[in-house]
Every structure is written in C-alpha cells, then in structure tokens.
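# Close look at the chain arrangement
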Amino acid sequence: MAPAARSEPIKACHVVAVPYPGRGHVNPMMNLCKLLASSKPDLLITVVLTEEWLGLIGGEEMPPGIRFATIPNVLPSELERAADMPSFVGATQTKMGEPFEQLMGRLAEPIHFIIADTFLFWAIEFGNRRNIPVASLWPMPASVFSLFYHLDLLERNGDHPFDVSERGEERIDYIEGIESIRLIDIPSIAYMKDQRLITLVRRIFINLTKAQYLLISSIYELESRVMEALNLEFSFPIYTFGPAIPYLNLEKVTTLSSNQSLSDDQLIYFDWLNSQPPSSVLYVSLGSFLSVSAEQMDEIGDGLRASGVRFLWVARGEAERLQQRCGEAAGRVVPWCDQLKVLCHPSIGGFWTHGGWNSTMECIFSGKPMICFPIILDQTTIRKHVVEDWKIGVDSKKYLAPGEILRSGKITELVKRFMDADSSERREMVGRAREFRQIIRQAVSEGGSSMTNLASLLNHIVHSACDSS
Ligand code: UDP
C-alpha cells in the first residue's frame, strides 16, 4: 500500500507505529493502535509493515484512523523465521532502518510520535535525530525485560553463561523485583550453546534509555514488584497497558450462535465446539511460528488420542496429517483459529500452550488453566510465572531433560489428570484462574491500571507531542 502523497497533508495528530515482523509482536502493536484509535478517533496512525505482513493482516477490519504503509520485504520470509532465528533477528536490526527512513521521508504528514517495538532499536535513533518522541513497546512480561536487561549482573556474579544441564535448578534472587528464579527459568536463549541470539537481543537495550517511554504489554498487578524496581531504575515513564489482546472484538463471541461474520473454516470448528459439553475440550497450540519435531508432534497426537479427552489442536502446516493420525472422533486439528474466541468458548476447559506471552494473556483473560510446554525464548520464564508464582497451570516438562521428547504415555497421564473435573488439583487451579481473570479484566475496566496508563500515554501523545509541534 503506497504511503500518502506529499501534496495533501492531513492536519491531524500523527503517530507512526512500527511492529517487529512476527505475530507475537504485530498483534500487541495492532491491539494498542486499535485501543488508541478507539479512544481518540481523530488520531492518525500509520502502521509500518513489510509487504509480506501487509498481505497477512491488510485485509482485517481496522478503525478509520489506522492506515498501513509498507517497506519492501527486506527480511527472510515468515516461514523461514523459526528455521534461522539469528539471521531473521539480525536482518531486522540491519535491513529495516533504511527503508523505514525513506518511507518516513515520503509521508505527507508531519510525524508527532513513534511507537516502535523494542527489538527495532534503530527507530529510537531515528526519532532522536528528528526530535520525535519514541515509545518503545516491549511485548513480553516485565520480568523478561528485566532479566535480559540485567544479564551483565548475572555475568558479574558468575551466573552467565552457564551449563543448564548442570546448573538449571540453581536459583538466583539478586535482580531487584524478580522473585527467586531457577536458572533454567530465565529466557532460554541466554543459556543456549549458540549465543548468537542473545548477543543480538542484548544490542536492543544499548540505546533504550534514549527512548521517551517504555510500554510493556503486561498488567501492573501481575508484576508489581518488578514494575516498582524498573520505575526506580529508569527515568522515563514506563506504562503497562496489557493485555494487548483483541478483547474489543469479543462482543462477537456472544453472537457466535448466529454464526455471522465467521468464515467457513471457523464455522466448522465453532460448530464442533458448540456441540461439546462445558469445559470438556483441551485447546492445544504451540503458537504462531515455532515448531517442534514431527516425532514430538506425533507423540502429542498419540497421547491426546489415548487420553480420551476431546481436543481442538492448531497444528498449522501439519493439521491434515495429524487429523488423520488422531481420527475425527478424538478431536479436531486445524491449521489456524481465532484463538481468543476459542479460549473464551464455554466448551474449552484448558490450554496446552508453548506459553507465548500473548497466548498466556489470552488464556488468563478467558479464566482457564494451562499446561505449559515451553519451547524457547521468554516461554521458560512465563512457565515459571504460570506454574510457580500464579499457580494457574502445570509444567509438562517438569521431569524432562533439556531437549528430551515428551512421550505419549506421559502426555496421556498428564492430560487426563489436568482435565479431570473431579480432581481437587484442577478445581483449585480453575478457582485461581478465575481470580486472575478478574485481575486482568479489572485492569482494562474504567479506572483500571492499564486503562489509566493508556489515558496517560494518549495525553502525552496529544498534549506533549502534537500540541507542542
Ligand atoms: N494465534 C491465533 N491463532 C492460532 C494460533 C495463534 O490467532 O491458531 C495468535 C494468538 O492469539 C497470539 C499469537 O498468535 O496472539 C501468538 O503469540 P504468542 O506471543 O502467544 O506466541 P508466538 O507465536 O509469538 O510464539
């Protein structure tokens, strides 16, 4: 989509938003933009995407104040992202900045404010050079931000790098605001043998203090200790604004029975969900781009089928193969689904998740317990929060050595116990999951912490950035 021509500038408060090109980053950025646009309809928000990402989300319904502008596909494709993450992350650091600046030069309207994913640190340099305030958006828990940011402290204490198979169970408790945490629960790229990813991630923090705001897609009440510590450490405002999930679209959930606005694919799995007893279905998904081995997928399929628990499983490219392996009676395997609506469906009783932050927020919003199956990145830390701190889920990898496959027998046992409505363990977890649902919904209610922070952010954008220019 071409950016606006120079000849007809629109007089409006103009925000440029640039998400990191990955589903777990694009979704929270888009949800933030939609929240801002719905609070202030005369705001103009230009969302900068690669052409590939415009193809993926350009067709979605957007509020009138949001428009897209693109840079060319300078990165490996979305499908290649998981296969070689260091190359992908490296390319987002070295190849996107220049086309972004060229695009900014072609926009007709003056830019008053930039919201850029924290991974795209070059946007802070651009904003500083042009005297445009920049809010850096961190789409993960505040704890993960703090752990990455304080890796030098771990180094000074001789706790990084370390061999996870030897020291994984050791705990550290010297990072301000972070509860005692096992070394295996810090973000896994910090202890991978290949240190390329962590080297790239450390780079994103170098000029962070030159941003004017830090936005975290979390909820203050869930991470108050770490937020207090970060607020003492940084001089810029830090706003939690989560959950950055599409809860504004949820009214449609209540009208699902009318089946309007659903695609044929959606009709099939929602019809099936509608025919299942309450809380009886396990929703299974390992996120938007990461994969586990075909052998592990087969073990999950065999374990689920043998458990007798009905399931809805998002298996992306492997959906057809796995549906055949499991048979229709056991459950449904689909390539993709409307996740938040699925989680909120009354037939869903729990979520087998890799523990991506958006998936975790969506699950907490739905009030359902989780089986954590972390693969990489922040998922190890999120598992710690879900299982140890919040006690709203169980750890499927508890007795597994790093890299070991979880076998079907163990999966069957785990899934049966997790979904057993008569077990006191499940009843307690469900009770707590409902309490957490309250916390998260309160945050986005009138006067709640996230709503108040969003109002402050909007106030800064409109009065400090737009009015003063
Ligand atoms: N998602 C979805 N449908 C699916 C699977 C995933 O809409 O079938 C969305 C999900 O709602 C979430 C995002 O993809 O917003 C995944 O982000 P997350 O942070 O959980 O994990 P990632 O994919 O980045 O590892």
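Keep in mind it's a predicted model, so treat the numbers as computed, not measured. (Residues numbered from 1 in each chain as written. Predicted model: local features only at pLDDT ≥ 70, side-chain atom pairs only at ≥ 80, totals over all residues. Heavy atoms only, no water.)

### Considering the confidence of the model for the protein chain
- Summing up the model confidence of the protein chain, the mean pLDDT is 93 and the portion of residues at 70 or higher is 95%.
- Scored below 50 in pLDDT, residues 4–8 makes 11 contacts in the model with residues more than four places away or belonging to other chains.
- pLDDT under 50 marks residues 252–260. Its contacts with residues more than four places away, or in other chains, come to 9 contacts. (pLDDT = per-residue confidence, 0-100. Contact = heavy atoms within 4.5 Å.)

### Considering the packing of helix H1 (residues 23–39) against helix H21 (residues 449–466)
- Contact geometry of H1 with H21 gives a least axis separation of 11 Å together with a crossing angle of 70°. By the angle between their directions, the pair H1 and H21 is classed as roughly perpendicular. Mapping the contact onto sequence places Leu32, Leu35, Leu36 and Ser39 in H1 and Met451, Leu454, Leu457, Leu458 and Ile461 in H21.
- Of the residues in the contact of H1 with H21, the class split is 8 nonpolar, 1 polar and no charged. (Axes fitted to C-alpha atoms, helices over the stretch in contact; angles between N-to-C directions. Helix = DSSP H or I, 4+ residues; strand = E, 2+ residues; numbered from the N terminus. Parallel < 35°, antiparallel > 145°, perpendicular 65-115°, else oblique. Nonpolar A, V, L, I, M, F, W, Y, C, P; charged D, E, K, R; others polar.)

### Brief notes about the environment of lysine 210
- Along the chain, the position of lysine 210 falls in the loop between helix H10 (196–203) and strand S8 (213–216).
- Considering only alpha carbons, one finds lysine 210 and glutamate 404, 194 residues apart in sequence, at a separation of 42 Å.
- Among residues more than four places away in sequence, those in contact with lysine 210 are Ile124 and Asn128.

### What to know about the packing of aromatic side chains
- Taken as a whole and assessed by the stated rule, the structure comprises 25 aromatic pairs.
- Centre to centre, the rings of tryptophan 138 and phenylalanine 145 are 5.4 Å apart; their planes meet at 85°, and the pair counts as edge-to-face.
- Taking the relative accessible area as the measure of exposure, tryptophan 138 reaches 0% and is therefore buried.
- On the accessibility criterion, phenylalanine 145 (0% relative accessible area) is buried.
- Over the ring of phenylalanine 88 we find arginine 81; its NZ or CZ atom is 5.8 Å from the centre of that ring.
- Sitting over the ring of phenylalanine 418, arginine 426 keeps its end group 5.7 Å from the ring centre. (Phe/Tyr/Trp six-rings, centres within 6.5 Å; stacked < 30°, edge-to-face > 60°. Buried < 20%, exposed > 50% of the residue type's maximum accessible area, 1.4 Å probe, protein only. Lys NZ or Arg CZ within 6 Å of the ring centre and 35° of its normal.)

### A word on the state of the cysteines
- Scanning the entire structure with this criterion turns up 1 disulfide.
- The residue that forms a disulfide with cysteine 13 is cysteine 466, at a sulfur-sulfur distance of 1.7 Å. Taking the torsion about the S-S bond as the criterion, the cysteine 13 to cysteine 466 disulfide, at about 60°, is right-handed. Of the two residues, cysteine 13 sits in the segment before strand S1 (14–18) while cysteine 466 sits in helix H21, which places them 453 residues apart along the sequence. The two residues cysteine 13 and cysteine 466 agree in class, both being buried.
- Free cysteine cysteine 337: the closest other cysteine sulfur is in cysteine 344, separated by 11 Å.
- Given a relative accessible area of 8%, cysteine 337 falls into the buried group.
- Not part of a disulfide, cysteine 344 finds its nearest cysteine sulfur in cysteine 363, a span of 9.3 Å. (Disulfide = S-S within 2.5 Å.)

### A few points about the environment of glutamate 52
- Its location among the elements puts glutamate 52 in helix H2 (residues 51–57).
- Taking the relative accessible area as the measure of exposure, glutamate 52 reaches 26% and is therefore partly exposed.
- Separated by 20 residues in sequence, glutamate 52 and proline 72 have C-alpha atoms that sit 8.2 Å apart.
- Those residues in contact with glutamate 52 that sit more than four places away from it in its chain are Asn73, Pro76, Ser77 and Glu78.

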